[in-house]
Amino acid sequence: MTRRVSIFGATGSIGCSTIDLIERDPEAFEVVALTGGRNVDLLARQAKALGAEVAVTAHEECLADLREALSGTGIEVAAGEAALTDAARRPADWVMSAIVGAAGLPPGLAALEQGATLALANKESLVTAGPLILGTARDHGATVLPVDSEHSAVFQALVGEDMAAVERVIITASGGAFRDWPIDKLASATLEEASSHPNWDMGQRITIDSASMFNKALELIETREFFGVRPDQIEVIVHPQSLIHALVGFNDGALMAHVGPPDMRHAIGYALNWPERKPLPVERLDLARIGQLEFRAPEDARYPALRLAREVMEAGGMAGAVFNAAKETALDGFIAHRLGFMDMAGVVEGVLTELSGDTGLMSAAFTLDNVRAADHMARIRAEEIISGAKTPKR
Ligand code: NDP
Ligand code: MG
């Protein structure tokens, strides 16, 4: 039986890896919706190759180009935020959520509302609105599967296990581009230097977030939301080889580690084939050739984002949405050369400190509107701090 699949963020790094897997078994899938942003040429090529029902660009101004590229193919086209959510409402069995940033949340929720299995690469959905995502899944009998490599690893280590026996969850971090730099040099790190990852080939934003460990900070919160463990049960360890993705520690002292090549097609393929395992086109590791695996504790001074994530977990409520939005705005500031690399954490901390006093905002119920309001407020505050209109409070 063919499965109906949609891919949100098809033109990105995760989207392309997902398509690579689907194209290897074309008889098994019927492609419903493919979405992208500005890369309209690639989106049109993907939609034609896979015979998608509809192709959606996030940006209204890209619609004319998309329409022209797909004219005469019979493939529907649409643009804008509402069109993304409409596309997610089309019945599908399996939906990949791989838009980058908070924009991934509304289509993910819409996909869950129609009962789809949501393969969640968009970690921002859980960071900003974990209870909303998981509650929507529960209410509609839908399933959320992790795609982030660490969370897929934890998920796999937990198959057949009782959560009551779990003592701790350890997620690994490569340490990013600057793990071996002297800490006092980090302030002058350039965009180009921050945009290259030692082990993984990913989109630019997550690559920079890996260098600052804002990515791991988001993943700490993602771990808490996804697996329902307490913050003090989650550890981060720097593991430069990126071969162990996560470990789960049980109450009898056992640590179950997930070891695999740094290739996202493993985690994507696991979610695509779940609950079965099927062969995947990823490297088989030669442990004798690898020889050694290293581990070290992350240094607080190098990675202030990890401390901020712990404060966010402590605060709960809308703190995750505020944290993510401030981080996205600070990242935009770094990419636009308006902020130094180490200034990003200062901006995020400033926004968190300011908004933590707004109890109406921070303890609002988990609805899409409230999450968006917190996100919006955090972006305004972050922008004010970046543009120097306000000095971050410490
Ligand atoms: P990319 O930057 O490579 O791709 C992002 C995708 O989202 C593209 O299709 C892009 O379109 C689209 N997009 C960008 N902005 C918007 C918007 N405002 N509205 C709708 N669509 C938009 O990102 P990645 O593939 O690296 O990451 C995707 C998600 O997966 C992120 O949440 C990331 O944290 C997560 N993830 C990624 C991993 C990786 O290895 N890359 C690993 C684990 C998690 P276009 O390019 O056409 O403009
Ligand atoms: Mg990850």
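Residues numbered from 1 in each chain as written. Chains lettered and ligands numbered in written order. Predicted model: local features only at pLDDT ≥ 70, side-chain atom pairs only at ≥ 80, totals over all residues. Heavy atoms only, no water.

Caption draft 1: Fine view of the pattern of salt bridges. Scanning the entire structure with this criterion turns up 29 salt bridges. A salt bridge links Glu 219 to Lys 123, with the shortest nitrogen-to-oxygen separation between them at 2.8 Å. Remark: Lys 123 occurs in helix α6 (residues 123–139) and Glu 219 occurs in helix α10 (residues 214–227); sequence separation between them is 96 residues. Judged by relative accessible area, Lys 123 falls into the buried class, the value being 4%. The shortest N-O distance in the salt bridge between Glu 299 and Arg 302 comes to 2.7 Å. According to the relative accessible area criterion, Glu 299 is partly exposed, its value standing at 36%. For Arg 302, a relative accessible area of 7% gives the class buried. (Salt bridge = Lys/Arg side-chain N within 4 Å of Asp/Glu carboxyl O. Helix = DSSP H or I, 4+ residues; strand = E, 2+ residues; numbered from the N terminus. Buried < 20%, exposed > 50% of the residue type's maximum accessible area, 1.4 Å probe, protein only.)

Caption draft 2: Quick look at the packing of aromatic side chains. For the coordinates displayed, the defined rule picks out eight aromatic pairs. A centroid spacing of 5.6 Å and a plane angle of 70° characterise the contact between Phe 334 and Phe 341, whose relative ring orientation is edge-to-face. Like Phe 341, Phe 334 is buried. Connected via pairs of aromatic rings, a cluster forms that spans Phe 155, Phe 226, Phe 227, Tyr 270 and Trp 274. (Phe/Tyr/Trp six-rings, centres within 6.5 Å; stacked < 30°, edge-to-face > 60°.)

Caption draft 3: Expanded view of the sheet that holds strand β7 (residues 143–146). Pairing is parallel across the open sheet formed by seven strands, whose spatial order is β4-β3-β2-β1-β5-β6-β7. Both edges of this open sheet fall to β4 (76–79) and β7, since each of them pairs with a single strand only. Pairwise comparison of adjacent strand axes, ignoring direction, gives a mean angle of 20° for this sheet. As judged from the four bridges shared by strand β6 (residues 117–120) and β7, these two strands associate in the parallel manner. The residue bridging Ala 119 from the neighbouring strand is Leu 145, located in β7. The strands that helix α11 (residues 264–273) touches are β1 (3–8), β2 (29–36), β5 (94–97), β6 and β7; relative to β5, the one it contacts most, it runs at about 155°. (Pairing = 2+ DSSP bridges. Axes fitted to C-alpha atoms, helices over the stretch in contact; angles between N-to-C directions. Contact = heavy atoms within 4.5 Å.)

Caption draft 4: Spatial organisation of the coordination of the magnesium ion (ligand 2). Within the protein, the magnesium ion (ligand 2) binds to Asp 148 (OD), Glu 150 (OE) and Glu 219 (OE); these donor distances fall in the range 2.1 to 2.2 Å. Read in sequence order, the donor residues coordinating the magnesium ion (ligand 2) give the pattern D-x1-E-x68-E. Judged by its relative accessible area of 7%, Glu 150 falls in the buried class. (Donors = N, O, S within 2.8 Å, 3.2 Å for Na, K, Ca; no water.)

Caption draft 5: Quick look at the nonpolar core. Among the nonpolar cores identified, the biggest contains 133 residues, and Leu 34, Met 96, Phe 323, Phe 341, Met 344 and Val 351 are the most heavily contacted of them. The dominant element in this core, judged by the number of residues it contributes, is helix α14 (residues 319–335), at nine residues. Apart from the residues lying within four places of it in its own chain, the contact partners of Phe 323 are Phe 214, Ala 217, Leu 218, Ile 221, Ala 305, Leu 308, Ala 309, Val 312, Val 348 and Leu 352. (Core = buried A, V, L, I, M, F, W, Y, C linked by side-chain atoms within 4.5 Å.)

Caption draft 6: Inspection of the environment of Ala 173 at higher detail. Here Ala 173 shows up in strand β8 (residues 166–173). Sequence spacing of Ala 173 and Ala 211 is 38 residues, and the spatial spacing of their C-alpha atoms is 9.9 Å. Beyond its immediate chain neighbours, meaning those up to four positions away, Ala 173 contacts Met 213, Lys 216, Val 236, Ile 237, Val 238 and His 239.

Caption draft 7: Focus on the environment of Ala 165. Secondary-structure assignment places Ala 165 in the loop between α7 (149–157) and β8. The exposure class of Ala 165 is buried, given its relative accessible area of 18%. Residues Ala 165 and Gln 204, 39 residues apart in the sequence, show an inter-C-alpha distance of 38 Å. The residues touching Ala 165, leaving out its near neighbours within four places in the chain, are Gly 249, Phe 250 and Asn 251.

Caption draft 8: How the structure looks around the site of ligand 1. Around ligand 1, 25 residues are found, and the nearest of them are Thr 11, Ser 13, Gly 37, Arg 38 and Glu 124. Between an oxygen atom of ligand 1 and a side-chain N or O atom of Thr 11, the distance comes to 2.7 Å. At 2.9 Å, a backbone N or O of Asn 39 approaches an oxygen atom of ligand 1. Taking 900 Å² as the accessible area of ligand 1 by itself, protein coverage stands at 85%. At the level of secondary structure, the elements contributing two or more residues to the shell around ligand 1 comprise α1 (13–23) and α6. Classifying every residue of the shell around ligand 1 by side-chain character gives 12 nonpolar, nine polar and four charged. (Near = heavy atom within 4 Å. Polar contact = N/O pair within 3.5 Å; in protein donor to acceptor, adjacent residues only side chain to side chain. Areas by Shrake-Rupley, 256 points an atom, 1.4 Å probe, with all protein chains shown as cover. Nonpolar A, V, L, I, M, F, W, Y, C, P; charged D, E, K, R; others polar.)

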